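Commentary on secondary and tertiary structure
Read off the chains here:
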Amino acid sequence: MVCVKRSVPFVATLVAATALLSGCVPLLGANPRYASDSGHSGGSGPSPTTAPPEGPPEIAAPKKDLAWSPCTTQVFGDAGVPAPAGVLLDCATYDADLDPISGASGTVSIGVVRARTAATPADAGPLVITTGSDIPTSVQLPQWLSRSGADVLKARPIVAVDRRGMGRSSAVDCRDLFDRQEMQNQAQFESGDDPVANLGAITLTATTSCTDALAPGDSAYDNARAAEDLERLRSSWDVPRLAVLGIGNGAQVALAFAGSHPDKVARLVLDSPIPYGIGAEMAADQQAKGQQAALDAFATQCAATNCPLGPDPKGAVNALLADARAGRGPGGASLAALANGLITALGFPVGDRVASTNRLAQILASARSGDSGPIMDLITQSDSLRETDGQFINRCSDALNRPTPDRVRELVVAWNKTYPQFGTVAALNLVKCLNWPSGTAPQDPKNLKVGVLLMGVQNDPIAGNEGVAATAATVINAGAASKRVIWQGIGHGASIYSSCALAPLIAYVDSGKTPETDTYCPA
């Protein structure tokens, strides 16, 4: 069945840290600018209400706004963070066509959250943000605002759009409890010696249940349809263009919007993207590589601060994962559940670098000493945040050129050697989408009229760190220029977790001009 439900909580047990990295390899662009992480000074004021004829496109305020209602307490409470002083949130929904591309009849409800303050200019056009299927955008928004994201509100509101089937949009409930748990555990505790076959049988049942529940819209949950939901928002507002910030999978959605509506883009920020139209196997490989890099950076930072994991933090993590692989995980946790809990904690950090490193280290140290309560809480919150039915549907709808079961079996062996901590889990995750109806890649963007700001994270366990360079090539092929902002920390979304990275984003959105050089922000 398809039902509406509240956004999942994002509590403060999801913690991570960044490693202090002393340098970086220059990318495209001469004379890159190395910036401090001292935050945005707020020097840029509200955008002008009109743009010069030859200047950047205007970000217009909605002529026909949505029916907003206050929801500050609820949304910040669901995200598990306190509301910054003066920040106000409003919630609304709008109806989008179920399948505006193939023509299946019906509508879906899209949930949106608007952030503003009393000082936000009433005539300023909004910055639209989407995190796609990574986590609900309505959960990421309050996390961003609790850091330095509220600086954006000095010049304009922010509007977060949840992807269909997730968060405050019409959520999907189509798998039974057994299938959800078995998919979370990758069928580790089933009998036999073929995990690909065991997990494949479970996902076949889950796929059938979900496609039946969604019919006739079972093919209407991919990046291209999510992009059309942004177009419906633009037309509902009656504005000529949107300023869009896409993070992770949201960057794919934003590029799909630019591909299908290149003349409707006022600003385009692509943060932590994966390569556009990438195949499922290569995407999983890049993610596993990013997960290993994030763990290595965490271990380095942990050892440097004499954290509770002792002198060999990575060895301590290895021991926990080895126990889970052997069926002795803390609290009975499977290898996949434990690995995904760690990945989520590293990808969506809470708090400053040193303190969050020590908190995560303490959770892991407690698990090693026999106290499984904190790590089980972490696993539960990770599952609620990143493994909903809507995310299963959206991710599988986006998965292109999927490998065969025999290829997955090969990857299980190969990636276990290449990525010892996370490779097996990454390979088996590919099984979850093998039975989903095949989709097609959105059309490539062409004739972009605006410069593009690309952002990335050196140690990104959700998307990996190779997508920025590939996306730069996509932007060039679309006829546009770009500049890069790279944060040398651990997490998913440079704009979310680095105040240093936020400054050039705000300057670009306000002025319409990309920075003169690439920017590198320290961890």
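Residues numbered from 1 in each chain as written. Predicted model: local features only at pLDDT ≥ 70, side-chain atom pairs only at ≥ 80, totals over all residues. Heavy atoms only, no water.

With that out of the way, let us pick up the overall build of the chain. Helix and strand counts for the chain stand at 17 helices and 11 strands. When each of the 523 residues of the chain is scored for burial, the buried share is 59%. Long-range contacts, defined as pairs at least 24 residues apart, comprise 80% of the intrachain contacts of the chain with a sequence gap of at least 6. Here the chain displays about 18800 Å² of accessible surface, and carbon together with sulfur accounts for 52% of that area. (Helix = DSSP H or I, 4+ residues; strand = E, 2+ residues; numbered from the N terminus. Buried < 20%, exposed > 50% of the residue type's maximum accessible area, 1.4 Å probe, protein only. Contact = heavy atoms within 4.5 Å. Areas by Shrake-Rupley, 256 points an atom, 1.4 Å probe, with all protein chains shown as cover.)

With that settled, the discussion passes to unusual backbone geometry. The peptide bond linking Ala215 to Pro216 adopts the cis configuration, its omega dihedral lying at 10°. Inspection of the secondary structure assignment puts Pro216 in the loop between helix 4 (195-214) and helix 5 (223-237). The phi dihedral of Gln186 is positive, around 55°, even though this residue is not glycine. The residue Gln186 is located in the loop between helix 3 (177-184) and helix 4 in this model. Positioned with a positive phi, Ala187 is a non-glycine residue whose angle comes to about 55°. The residue Ala187 is located in the loop between helix 3 and helix 4 in this model. The exposure class of Ala187 is buried, given its relative accessible area of 2%.

Another point: the packing of helix 7 (residues 280-304) against helix 8 (residues 313-325). For the pair helix 7 and helix 8, the least separation of the axes is 8 Å and the interaxial angle reads 125°. When the axis of helix 7 is compared with that of helix 8, the two are oblique. Residues Leu295, Asp296, Ala299, Cys302 and Ala303 of helix 7 lie in contact with helix 8, whose contacting residues are Pro313, Lys314 and Val317. When the residues that make up the contact of helix 7 with helix 8 are grouped by side-chain class, the tally is 6 nonpolar, no polar and 2 charged. (Axes fitted to C-alpha atoms, helices over the stretch in contact; angles between N-to-C directions. Parallel < 35°, antiparallel > 145°, perpendicular 65-115°, else oblique. Nonpolar A, V, L, I, M, F, W, Y, C, P; charged D, E, K, R; others polar.)

With that out of the way, let us pick up helix 4. Counted at 1.5 Å a residue, the expected span for helix 4 with its 20 residues is 28 Å, and the 28 Å between its end C-alpha atoms agrees. By the burial criterion, the buried members of helix 4 are Val196, Leu199, Gly200, Ile202, Thr203, Ala206, Thr207, Cys210, Thr211 and Leu214. (Expected span 1.5 Å × (residues − 1).)

The subject of this paragraph is helix 11 (residues 373-386). In this model, helix 11 (14 residues) spans 20 Å end to end at C-alpha, consistent with the 20 Å of a helix rising 1.5 Å per residue. Here helix 11 has its buried residues at Ile375, Leu378, Ile379, Gln381, Ser382, Leu385 and Arg386. As for helix 11, its buried residues are in contact with helix 2 (137-146), helix 3, helix 9 (335-347), helix 10 (353-368) and helix 12 (389-398).

As paired strands, strand 2 (residues 69-70) and strand 3 (residues 88-97) are joined by 2 bridges and run antiparallel to one another. Each bridged residue has a counterpart across the sheet, and for Ser69 the counterpart in strand 3 is Cys91. (Pairing = 2+ DSSP bridges.)

A separate point is the pattern of salt bridges. When their charged atoms lie close together, side chains carrying opposite charge are able to pair. Within this structure, the stated rule accounts for 22 salt bridges. Asp151 is paired through a salt bridge with Lys154; the nearest N and O atoms lie 3.6 Å apart. Asp151 sits in the buried class, given a relative accessible area of 18%. Taking relative accessible area as the criterion, Lys154 reaches 40% and is therefore assigned partly exposed. Arg164 serves as the salt-bridge partner of Asp229, at 2.7 Å between the closest nitrogen and oxygen. With a gap of 65 residues between them, Asp229 in helix 5 and Arg164 in the loop between strand 6 (158-161) and helix 3 connect regions that are remote in the sequence. Relative accessible area serves as the criterion here: at 3%, Asp229 is assigned to the buried category. Accessibility expressed as a relative area gives 1% for Arg164, which makes it buried. The network of salt bridges with shared partners includes Asp65, Asp90, Arg114 and Arg116. (Salt bridge = Lys/Arg side-chain N within 4 Å of Asp/Glu carboxyl O.)

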